[in-house]
Amino acid sequence: MALPNAYGQYNSSKILTASPAELTLMLYEGAIKFCNIAIAAIDNKDVEKAHIHIQKIERIIDYLRQTLDMKYPVAEHFERIYTYLSQRLIEANVKKDREILEEVNGHLRMLRDTWKEVMRTGRG
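Residues numbered from 1 in each chain as written. Predicted model: local features only at pLDDT ≥ 70, side-chain atom pairs only at ≥ 80, totals over all residues. Heavy atoms only, no water.

A. Examining the packing of aromatic side chains more closely. One pass over the full model with this rule turns up one aromatic pair. For the ring pair phenylalanine 78 and tyrosine 82, a centre distance of 5.9 Å and an interplane angle of 45° mean the geometry is tilted. Highlighted residues: phenylalanine 78 and tyrosine 82, both in helix α4 (residues 73-95), separated by four residues, approximately one helical turn. When its relative accessible area of 3% is taken as the criterion, tyrosine 82 is described as buried. (Phe/Tyr/Trp six-rings, centres within 6.5 Å; stacked < 30°, edge-to-face > 60°. Helix = DSSP H or I, 4+ residues; strand = E, 2+ residues; numbered from the N terminus. Buried < 20%, exposed > 50% of the residue type's maximum accessible area, 1.4 Å probe, protein only.)

Structure (structure tokens):
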């Protein structure tokens, strides 16, 4: 039983000590993970599990949108992307549509990979 507690403490420490750029990367990673879970839940006809995980993705996207610093022109671009993803997630949740979730997941992976590159080059 001590191992799960140690893992939880490690994760909490990891989040508390992360830079804003690292936190953003973690949010993208979490959204991708939840999207994969929602896709699997749809495949398994587990409507409730799909709904729960799509809502988790929606909350992450909403948070990312709320934290945009609109004084930078690129923020408007991200605002449009996040708005589009939010709309698609609502549609995916209503229809429990695997294809829409795969599309969203593709966008999330692209955003994550771009963010990793920004972090690598020191621009994040």
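Moving on from the model shown.
B. Main features of the nonpolar core. The biggest cluster of nonpolar side chains holds 31 residues, and the ones touching the most others in it are Ile57, Ile61, Tyr82, Leu101 and Leu108. For this core, the secondary structure elements donating two or more residues are α2 (20-43), α3 (47-66), α4 and α5 (98-120). Considering each element in turn, this core owes the most residues, 11 residues, to α2. Residue contacts for isoleucine 61: discarding those within four places in its chain leaves Tyr82, Leu85, Ser86, Leu89 and Leu108. (Core = buried A, V, L, I, M, F, W, Y, C linked by side-chain atoms within 4.5 Å. Contact = heavy atoms within 4.5 Å.)

C. View of the pattern of salt bridges. For the coordinates displayed, the defined rule picks out 10 salt bridges. Between glutamate 91 and arginine 88 there is a salt bridge, with its nearest N and O atoms 2.8 Å apart. Of the two residues, glutamate 91 and arginine 88 are both situated in helix α4; the distance of three residues between them amounts to about one turn of the helix. The class for glutamate 91 is partly exposed, based on a relative accessible area of 28%. Using a relative accessible area of 18% as the deciding quantity, one classes arginine 88 as buried. For arginine 112, the salt bridge goes to aspartate 113, with nearest N and O atoms at 2.9 Å. Via salt bridges that share partners, Glu29, Arg112, Asp113 and Lys116 belong to a single interconnected network. (Salt bridge = Lys/Arg side-chain N within 4 Å of Asp/Glu carboxyl O.)

D. Spotlight on unusual backbone geometry. Backbone geometry at lysine 45 places phi at a positive 60°, although glycine is not the residue there. Within the secondary structure, lysine 45 is located in the loop between α2 and α3. In this model, lysine 96 sits at a positive phi of 50°, which is unusual for a non-glycine residue. You can see lysine 96 is positioned in the loop between α4 and α5.

E. Fine view of the side chain of glutamate 58. The residue glutamate 58 is located in helix α3 in this model. We note that glutamate 58 is buried and unpaired, the nearest opposite charge coming from arginine 59 at a distance of 6.7 Å. Sequence-distant contacts of glutamate 58, that is, excluding residues within four places in its chain, are made with Leu89 and Ile90. (Lys, Arg positive; Asp, Glu negative; His and termini not counted.)

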